[in-house]
Structures are given as structure tokens and as C-alpha cells.
Amino acid sequence: MRWTLKSKPDSQKVKHLMQVLQIDEVVASLLVQRGIETFEEAKTFFRPHLSDLHDPYLMKDMDKAVMRIEKAVAEGENIMVFGDYDVDGTTAVSLVSSYLRSFYPNVATYIPDRYKEGYGVSDAGIDFADDNGITLIIALDCGIKSIDKVEYAKSKGIDFIICDHHRPGDELPDAVAVLDPKRADCNYPYDELCGCGVGFKLVQALAERRGQTITDLVPYLDLVATAIAADIVPITGENRVLATFGLDIINTFPRPGIQALIQNVKKQKLTISDVVFIIAPRINAAGRIYHGNKAVELLTEFNLEQAEEFASQIEGLNTDRKDLDKQITVEALMQIETNNEQERFSTVVYDENWHKGVIGIVASRLIETYYRPTLVFTKSGEKLAASARSVKDFDIYNALEACADYLEQFGGHMYAAGLTLKEEQFAEFKQKFEEVVSTTIAPELLIPEVAVDAEIDFIDITPKFFRILKQFEPFGPGNMTPVFLSRGLRDTGYGKPIGADETHLRLFIKQGEGEGFGAIGFGLASKMNIACGGELFDAVYSIEENEWNGNVTLQLRLRDIRCEE
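Would you mind going over the sheet that holds strand 9 (residues 383–389) in detail, with residue names and values included?
If you trace the five strands from one edge of the open sheet to the other, you get 7-8-9-11-10, paired in mixed fashion. Each edge of the open sheet carries a strand with a single partner, namely strand 7 (347–350) and strand 10 (409–412). Shown here is a sheet whose adjacent strand axes are inclined to one another by a mean of 15 degrees, direction ignored. Strand direction decides the pairing type here: strand 9 and strand 11 (residues 416–422), joined by seven bridges, are antiparallel.

If you want it as C-alpha cells, here you go:
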């Protein structure tokens with residue numbers, strides 16, 4: 001693992017913040033690193049407010065979308081809210097459909113079957129709309145490349161409104177409205193919204209026309225925060241506001257579906273990280289193992305008893321999901337070894353029997369062992385389908401674009417994508433992808449990186465310092481949990497491996513003669529000889545609270561340790 005110490009920010013900007021905010025140099029440096037340089041910017045960062053949200057009508061085509069929905073309501077048309085089967089898609093469908101149903105009854109929802117229909121707008125979904133007299137489809141978290149599907153719908157007299165956040169192609173679908181802040185001709189001030197976030201902007205615009213204020217929409221923000229966390233979009237700007245207020249709803253008055261998912265969690269206050277690891281996998285499990293409709297049923301159910309029944313069913317699906325991804329990960333690792341592919345620049349594995357619903361998770365698991373761009377393929381009908389995951393700073397979407405001649409279709413982001421190809425193209429694609437990655441990836445990107453915000457001494461770690469760090473939350477891309485470096489450390493003799501398989505490391509660390517801190521390093525038991533060999537060592541870590549028997553203390557979450565330089 002390589003440690004990259006971020007360069008020190010402009011000293012004048014740091015001094016200015018120290019003076020106007022009355023804070024120490026470390027905190028001021030952390031703020032400047034995050035692009036916060038003035039009192040007003042710091043105020044917005046530390047005290048997000050709903051008034052910081054942008055006018056939804058700044059988004060291209062928003063007026064057209066609102067007018068078409070209002071026409072549908074006025075004329076009694078049937079509306080269908082269509083979305084992807086992942087967390088972003090199902091939360092978006094739940095949000096928009098439940099808002100529309102609050103004042104208009106003729107609203108249906110549709111989540112495509114992952115296995116029969118695949119990702120995005122489907123012929124089956126359009127046929128369902130046609131069969132049920134639906135004349136307007138609102139597509140969420142998908143549709144930006146569905147040119148043929150939109151034409152097919154038009155031939156049946158069905159209009160489309162597209163709410164997406166993926167990169168558009170050279171041509172946009174001929175829909176009534178295309179809401180996507182990544183459109184080249186869209187001047188919306190913030191282009192990092194998730195699909196549910198774009199759906200929320202549509203709801204915000206509709207609400208304004210109905211005389212409602214942003215305060216009336218706060219109860220919907222638990223869904224938006226869940227999608228922001230799960231889709232790993234930057235928690236900056238507008239996303240920071242939405243995530244902050246959404247987390248507050250999750251922790252105070254969540255909708256029954258989310259309440260049912262978290263009622264057994266023994267934590268007083270959930271963080272974005274808890275949403276990622278507790279709520280999101282369970283919502284995802286519905287679409288991965290059974291059908292995304294189950295997630296929408298859960299998230300739009302307002303009877304707690306019924307929501308608890310749905311949550312119990314989804315918990316069972318999540319258990320099945322965990323068993324499957326463990327089994328397939330083992331098989332994929334064996335395949336890499338059997339094929340002698342340990343030293344490649346990319347990982348591309350395939351088995352026709354692997355469960356399509358978990359191949360994205362497996363791709364992420366493989367990166368934990370072989371840190372490189374990874375694709376996991378399985379059979380999907382007559383074609384092969386894959387989930388792609390990347391490593392930090394490598395754009396896997398661009399790499400797939402360079403292999404487009406071998407692909408049937410693909411889409412996604414810099415770090416995650418999906419694709420399909422014909423089985424006879426697999427071998428040539430695999431060779432081409434390896435060639436593209438090997439010639440474009442910088443060698444250092446194949447080594448996991450710990451980005452270190454600042455070097456500090458233990459004397460700097462005080463309760464006041466930690467209280468200020470807590471105000472940096474919610475953490476996520478664009479505002480990651482601060483990571484620190486300290487040198488000349490020693491374990492006080494209590495170091496030991498822990499966990500059922502003893503792969504984790506617990507230490508009590510001191511620097512010089514000062515105060516010591518408990519520390520835990522997940523997956524770091526192999527470095528026990530460094531920490532407990534009697535020599536001084538360096539560590540990179542974040543700071544967290546540890547509660548034990550009612551006592552709350554500061555604890556170091558170790559990212560890595562190494563012999564003192």
C-alpha cells in the first residue's frame with residue numbers, strides 16, 4: 001500500500017481561515033484542501049441549509065417535464081414511474097411515485113426484471129404501459145441512451161420524461177423532456193446528483209407549482225440520502241445538503257420501510273457509512289436475488305407492521321446474496337490462479353452459472369485481492385453480461401469505450417459500469433481490454449493508495465479537535481473521512497490479533513511519553529510483527545469514537561502501519 005501525503009495547502013488561505021473561524025492550523029488546512037477558503041464557504045459547509053438547494057427550473061427541460069405531468073393529471077392520464085433495480089433506481093421510483101400519489105391516484109410503478117429484461121428502459125416495460133392504458137412514462141436513473149426505446153414508445157402513443165444522471169451519448173432520446181445535469185447543454189449548477197437526486201429535483205419543481213415549500217419535501221429525503229450513499233456520488237455541494245437532512249430523517253423519523261430495516265441496529269445515530277453497509281445492501285438484495293419491486297413495496301409502505309414483513313423477506317434475500325457472493329468470489333479467485341492470470345493488468349473472469357445479481361459485488365471483492373480494473377461475466381439469455389469495477393483514478397468507462405467494437409451495449413461511470421456482448425466475442429474482448437488497460441493505466445494505480453490529509457502528533461488529538469472533525473460529516477467522495485499520519489509510535493504491549501479468524505489487529509499505541517490511544521486495524525493482523533516487535537513504527541489512521549460499557553473514548557482506525565522511516 002502506498003501512502004500519499006497531500007501537499008500542504010496555500011499558507012495564506014490557511015492563516016485567513018484560522019483567524020476568521022478561530023480554529024487551529026490542522027482544521028484550517030483540512031478545509032482549504034476541500035476547497036473551503038472563506039467564512040461564507042465554511043458556514044455553508046458546517047451548517048448546510050435547505051435554502052442552499054438550487055432552483056430546480058435551472059435544469060434543462062424541467063419546465064417541459066412539469067407541464068407534461070400537469071397535463072397528464074388534468075386530463076386523467078395513467079402515469080408509470082419506471083426505474084432501475086438498484087438502490088438509486090428503486091429509491092427514485094419510490095420517491096416520485098409516492099409524491100405523485102399524494103395528490104393523484106393514477107400512478108403505477110415498474111422495475112424491470114434484472115434477468116429477463118436487463119438494465120434500463122425495456123420493450124417489456126413499454127408493452128406493459130401500452131397494455132394498461134399508460135400514456136406517460138417517467139424514467140428514473142436510466143434512459144439517457146434509450147433512443148430506440150423512446151421511439152418504440154412514441155409509436156404506441158406513449159410519452160417519455162427521462163430523469164438520469166449518467167453520461168449522455170452523442171444523441172439524446174426524443175423524449176418530451178430529458179433531465180440530466182450531465183447534458184452538455186444543461187447549465188444546472190451541480191452535475192453530481194444521483195438518479196434519485198434528479199427525481200427529487202422534479203418533485204421539487206412540481207411542489208413549487210402546487211404552492212408547497214422545500215420543508216414539505218423533507219420527509220422524502222431519507223430516500224435521497226440512501227441513494228446518495230449507495231451510488232457513491234460526491235457528497236459535496238447540493239448532495240451534501242440532501243445527505244445531511246436525509247440522514248437526520250433516517251435518524252429521527254424514517255419512513256416505515258427504512259425503520260423496519262434498521263430497528264435492530266444497536267446504534268444511536270447512523271452515518272452515511274452505516275447507510276452504505278446496512279440499509280443499501282438489503283434494498284439491493286431484492287433486485288439481485290428476486291425482483292426490485294420488493295424494494296419499492298418496502299419503501300412505499302406506510303403501515304409499519306406490513307413494512308416489517310417486507311423487511312423480513314428482504315433480510316432473507318440478503319442472506320442468500322451474501323452466501324452467493326462468497327461462493328462466486330472463491331470460484332473466481334480459483335479461475336484467476338488456474339489461468340495463471342495473477343500478474344495481468346486487468347481481471348476478466350466468466351462462468352455461465354454465476355448469479356447475475358451478485359457479479360458486481362464479486363468484482364469489488366476481487367479488487368481486494370488483485371487491485372486492478374475488474375470485469376465479472378455471466379450468461380444472460382443468449383449473451384454474456386458483465387459488471388465492471390475500477391481502481392482509484394482509472395476510468396473504466398473510457399477503457400470500455402475503447403473496446404466498443406466487441407460490445408453489444410455498455411454504460412456507467414468512471415468506477416462502475418455494465419456491459420453485454422456476444423459469447424463468440426468474449427475471448428477477443430478479454431484480450432483487447434487487457435491491452436487497453438496495460439497501455440493506459442499508470443503503474444502506481446495498481447497499488448492501493450492511502451491518501452493522507454495531514455501529519456499530526458498525538459498531542460493534537462483532543463476531544464475538541466474530534467468534535468470539530470465530527471462537523472465535517474457526512475463523509476463520502478469529495479469529503480472523505482480525514483486520514484492522518486503519525487510517526488515514532490510504539491505499542492504498549494497489549495497488541496494482539498482479534499476476530500473469529502484473527503485477521504484483525506488491536507493495539508494500544510503511544511507516541512513518546514504522552515497520552516495513548518486504543519487502535520484497531522481491520523485486516524492488519526499480518527503486520528503484528530511490525531507493531532509489536534519493539535521497534536518504533538509509523539501509522540496512517542482516522543479517528544473515531546469507541547463505546548464500551550457506557551464509556552466513550554477516542555480510538556484510532558488504522559489504515560496501514562509500517563516500520564519507522
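What follows picks up the thread again.
Mind laying out the packing of aromatic side chains, listing which residues take part and the relevant values?
The full count for this structure, using the stated rule, is 16 aromatic pairs. Note on Y110 and F128: the rings are 5.3 Å apart at their centroids and 45 degrees apart in plane angle, and the pair reads as tilted. Here F128 lies in helix 6 (residues 123–131) and Y110 lies in strand 3 (residues 107–110), a separation of 18 residues in the sequence. A relative accessible area of 34% means that F128 is categorised as partly exposed. One aromatic cluster is present, formed by Y350, F377, F426, F429 and F433 through successive ring pairs.

Kindly report on the packing of helix 9 (residues 221–230) against helix 10 (residues 237–252), identifying the contributing residues and their values.
Where helix 9 meets helix 10, the axes come as close as 7 Å, and the angle between the chain directions of the two elements is 120 degrees. Classed by the angle they form, the pair helix 9 and helix 10 counts as oblique. Remark: the crossing between helix 9 and helix 10 carries left-handed chirality. Where helix 9 approaches helix 10, its residues L221, D222, V224, A225, T226 and I228 are matched on the opposing element by N239, L242, A243, F245, G246, L247, I249 and I250. Across the contact of helix 9 with helix 10, the residue classes break down as ten nonpolar, three polar and one charged.

Tell me about helix 18 (residues 463–470), and name the residues and values.
If you check which residues of helix 18 are buried, you get F465, F466, I468 and L469. In a view along the axis of helix 18, the buried residues occupy a sector of 160 degrees, so they form one face of it. Opposite its buried face, helix 18 presents the exposed residues P463 and K464, each directed more than 90 degrees away. Buried positions along helix 18 lie against helix 2 (25–33), helix 3 (39–46), strand 14 (484–491), strand 18 (537–548) and strand 19 (551–563).

Summarise the packing of helix 10 against helix 12 (residues 272–290); cite the residues concerned and give the values.
Geometry of a packed helix pair, given as the angle between the helix axes and the separation of the axes. Running from amino to carboxyl end, helix 10 crosses helix 12 at an angle of 60 degrees, the nearest separation of the two axes being 11 Å. With respect to helix 12, the element helix 10 is oriented oblique. The two elements helix 10 and helix 12 meet at a crossing, and its hand is left-handed. For the pair helix 10 and helix 12, contact is made by A243, L247 and I250 and by I272, V275 and I279, respectively. Split into classes, the residues belonging to the contact of helix 10 with helix 12 amount to six nonpolar, no polar and no charged.

Rules used throughout
Residues numbered from 1 in each chain as written. Predicted model: local features only at pLDDT ≥ 70, side-chain atom pairs only at ≥ 80, totals over all residues. Heavy atoms only, no water. Pairing = 2+ DSSP bridges. Helix = DSSP H or I, 4+ residues; strand = E, 2+ residues; numbered from the N terminus. Axes fitted to C-alpha atoms, helices over the stretch in contact; angles between N-to-C directions. Phe/Tyr/Trp six-rings, centres within 6.5 Å; stacked < 30°, edge-to-face > 60°. Buried < 20%, exposed > 50% of the residue type's maximum accessible area, 1.4 Å probe, protein only. Parallel < 35°, antiparallel > 145°, perpendicular 65-115°, else oblique. Left-handed = near helix turned anticlockwise from the far one by under 90°. Contact = heavy atoms within 4.5 Å. Nonpolar A, V, L, I, M, F, W, Y, C, P; charged D, E, K, R; others polar. Arc of directions from axis to C-beta.

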